[in-house]
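# Architecture at a glance
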Amino acid sequence: MHFFTKISEIQKAYLNDYCQKKNNTVFYGLHPDLNLFARHTLFAPLTDELIQEHLVKPYKNTFPEQYIEFLKHTNGMSLFGVRLYKGKKFYYAPRMLQVYGLPLRKILEAPYNMVDQPEPYDLRVEDLDRHDDIPNSWLKCGSYIKDGDFDTSFDLFIDTESCHVHSCKRKDNKIIDEWSDLDNCFCCLFDMLKNTKEEYNLTK
């Protein structure tokens, strides 16, 4: 996937500003006052065995090959985190691009601490949260925010039959954006969001 080059750009840009957690999640662009906040978060890759057992086999449709390739590189991600303030008071820290993965704490029955072992949003759970008219052949894999509208998010769906990717406003079924495949989608969203500021004051 060409998108892996984009991920490499992040890793190179934060060579002196990253933190690797106990479960190998990596935070890039740390904030000293917000323990779980980072500009970018990449989760440790999944093994093919975990992908096949917990995602591919239970799924009712053909699980997208590009998504499998992505999860072997990083088990979900949160990119372009921003800090929102109301005046001088910290308000909220949305991530402009989220891609879901497979949380491992229950599967591996490991001790869990959100600070030391942050995990991705669960693809299996998030896929169920959709508008009733979204086709069953569409797999919800992530979400994004655009145009500085932090109150509106857009769900990302992979059409498992055509491999095209569509976005719809959350809990809606009207298509807003479309891409030829997952790689093209992630690359386009990365380029659209890469100049997003790190802080916004909502009172201005």
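Parameters at a glance
Residues numbered from 1 in each chain as written. Predicted model: local features only at pLDDT ≥ 70, side-chain atom pairs only at ≥ 80, totals over all residues. Heavy atoms only, no water. Helix = DSSP H or I, 4+ residues; strand = E, 2+ residues; numbered from the N terminus. Buried < 20%, exposed > 50% of the residue type's maximum accessible area, 1.4 Å probe, protein only. Polar contact = N/O pair within 3.5 Å; in protein donor to acceptor, adjacent residues only side chain to side chain. Contact = heavy atoms within 4.5 Å. Pairing = 2+ DSSP bridges. Axes fitted to C-alpha atoms, helices over the stretch in contact; angles between N-to-C directions. Arc of directions from axis to C-beta.

With respect to the element layout, Asp122 can be found in the loop between helix H4 (105–108) and helix H5 (123–126). The class for Asp122 is buried, based on a relative accessible area of 16%. Here Arg124 takes part through its side chain, which lies 2.8 Å from a polar atom of the side chain of Asp122. Sequence-distant contacts of Asp122, that is, excluding residues within four places in its chain, are made with Tyr100, Gly101 and Pro103.

The antiparallel open sheet is built from 9 strands, whose spatial order is S1-S2-S3-S4-S7-S8-S9-S10-S11. Across the chains shown, the open sheet's two edge strands, defined by having one partner strand only, are strand S1 (18–20) and strand S11 (175–179). The mean inter-strand angle of the sheet, taken between neighbouring strand axes irrespective of direction, is 20 degrees. The pairing of strand S2 (residues 26–30) with strand S3 (residues 38–42) spans 4 bridges and is antiparallel. Bridge pairing links Val26 to Leu42 in S3.

This part is about the pairing of strand S7 (residues 95–99). Among the 5 residues in S7, 5 count as buried, and that is most of the element. Bridge count between strand S4 (residues 77–81) and S7: 4 bridges; the pairing is antiparallel. Of the residues in S7, the one forming a bridge with Leu79 is Leu97. As paired strands, S7 and strand S8 (residues 138–144) are joined by 3 bridges and run antiparallel to one another. Within S8, the residue paired with Val99 across the bridge is Gly142.

Okay, helix H3 (residues 65–73) next. Residues Tyr67, Ile68, Phe70 and Leu71 constitute the buried set of H3. Down the axis of H3, the buried set is contained in an arc of 160 degrees. They therefore lie on one face.

Once that is clear, we can look at the environment of Tyr144. Considering the arrangement of structural elements, one finds Tyr144 in strand S8. Sequence separation between Tyr144 and Asp155 is 11 residues; the distance between their C-alpha atoms is 6.7 Å. Those residues in contact with Tyr144 that sit more than four places away from it in its chain are Met96, Leu97, Thr152, Ser153, Phe154, Leu156, Ser167, Asp177, Trp179, Leu189 and Met192. Among the polar contacts made by the side chain of Tyr144, one reaches the side chain of Ser167 at a distance of 2.8 Å.

Remember that the coordinates give geometry; whether it matters functionally is a separate question.
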